Amino acid sequence: MAMKDYSDEFKADAVALYESTPGATYKSIAADLGINRATLREWVLRDRERRGVAGAPP
């Protein structure tokens with residue numbers, strides 16, 4: 001399967017949606033957006049690292 005290329009805006013919006021949704025899971029948000037759960041997790045981790053936020057997401 002070929003890798004998809006998502007825009008920076010799409011990635012930022014996906015991370016913001018995950019971060020702003022109480023009780024969100026990678027699985028539920030990823031399914032809503034039509035992306036892979038692991039892809040969303042990676043975006044969230046990279047964003048948190050970039051912002052210097054401690055702690056891994058659930």
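Within every chain, residues take consecutive numbers counted from 1 along the sequence as written. This being a predicted model, a pLDDT of at least 70 is required before a residue's local features are given, and a value of 80 or more before pairs of side-chain atoms are given or counted; all residues contribute to the totals for chains, interfaces and linings. Only hydrogens and water are removed before side-chain values are computed, so all heavy atoms of the structure are retained for them.

Undergrad: Got a minute to help me understand the layout of surface pockets in this structure?
TA: Leftover empty space is mapped by rolling, across the atoms, a probe with the size of a water molecule. Estimated volume of the second largest pocket: approximately 170 Å³. Think of a 1 Å grid over the protein atoms and nothing else: a 1.4 Å probe that fits but is trapped marks a cavity, an open set flanked by protein within 12 Å on at least five of seven lines marks a pocket, and residues with an atom within 4 Å of a point count as lining. As for the second largest pocket, its lining consists of Asp 8, Lys 11, Ala 12, Val 15, Trp 43, Arg 46, Asp 47 and Arg 50. Labels follow the DSSP assignment, with helices taken as runs of H or I lasting at least four residues and strands as runs of E lasting at least two, numbered in each case from the N terminus. Those elements that provide at least two residues to the lining of the second largest pocket are helix H1 (8–20) and helix H3 (37–51). Tallied by class, the residues present in the lining of the second largest pocket amount to three nonpolar, no polar and five charged. Grid points are joined across faces, edges and corners, and a volume is the space filled by probe spheres set on the points. Residues are grouped as follows: Ala, Val, Leu, Ile, Met, Phe, Trp, Tyr, Cys and Pro are nonpolar; Asp, Glu, Lys and Arg are charged; every other residue, Gly included, is polar.

Undergrad: Explain the packing of H1 against H3 to me, please; I cannot follow it from the model alone.
TA: Direction vectors running N to C along H1 and H3 enclose 85°, while the axes themselves pass 9 Å from each other. Of the possible angle classes, the one that applies to H1 and H3 is roughly perpendicular. Within the contact between the two elements, H1 uses Phe 10, Lys 11, Ala 14, Val 15, Tyr 18 and Glu 19 and H3 uses Leu 40, Trp 43, Val 44, Asp 47, Arg 48 and Arg 51. Its residues assigned to classes, the contact of H1 with H3 shows seven nonpolar, no polar and five charged. Note on definitions: angles span 0 to 180 degrees between N-to-C directions of axes, and those axes are lines fitted to C-alpha atoms, for helices only across the stretch in contact. By the definition adopted for this analysis, an angle is roughly parallel if under 35 degrees, roughly antiparallel if over 145, roughly perpendicular if from 65 to 115, and oblique otherwise. We call two residues in contact whenever any of their non-hydrogen atoms come within 4.5 Å of each other.

Undergrad: Could you clarify how one ought to interpret H3 in this entry?
TA: Along an α-helix, residues three or four apart share an orientation, since each turn contains 3.6 residues. Taking 1.5 Å per residue as the helical rise, H3 with its 15 residues ought to reach 21 Å, and the 21 Å between its terminal C-alpha atoms agrees with that figure. Those residues of H3 that fall on the buried side of the exposure criterion are Leu 40, Trp 43, Val 44, Asp 47 and Arg 48. In a view along the axis of H3, the buried residues occupy a sector of 130°, so they form one face of it. Exposed positions of H3 whose direction lies more than 90 degrees from the buried face are Arg 46, Glu 49 and Arg 50. Buried residues belonging to H3 abut H1 and helix H2 (26–33). Polar contacts, as counted here, are pairs of nitrogen or oxygen atoms within 3.5 Å of one another; within protein the pair requires one atom able to donate a hydrogen and one able to accept it, and residues that are adjacent in sequence qualify only if both atoms are side-chain atoms. Its side-chain oxygen placed 2.7 Å from the backbone nitrogen of Ala 38, Asn 36 serves as the N-cap of H3. Count one or two residues on from H3 and you reach Gly 52, which has phi positive near 75°. In this analysis, the expected span of each helix is defined as 1.5 Å times one less than the number of residues it contains. Under the scheme applied here, a residue whose accessible area is under 20% of the maximum for its type counts as buried, over 50% as exposed, and between as partly exposed, the area being computed with a 1.4 Å probe on protein chains only. By arc we mean the arc of the directions from the helix axis to the C-beta atoms, nothing more.

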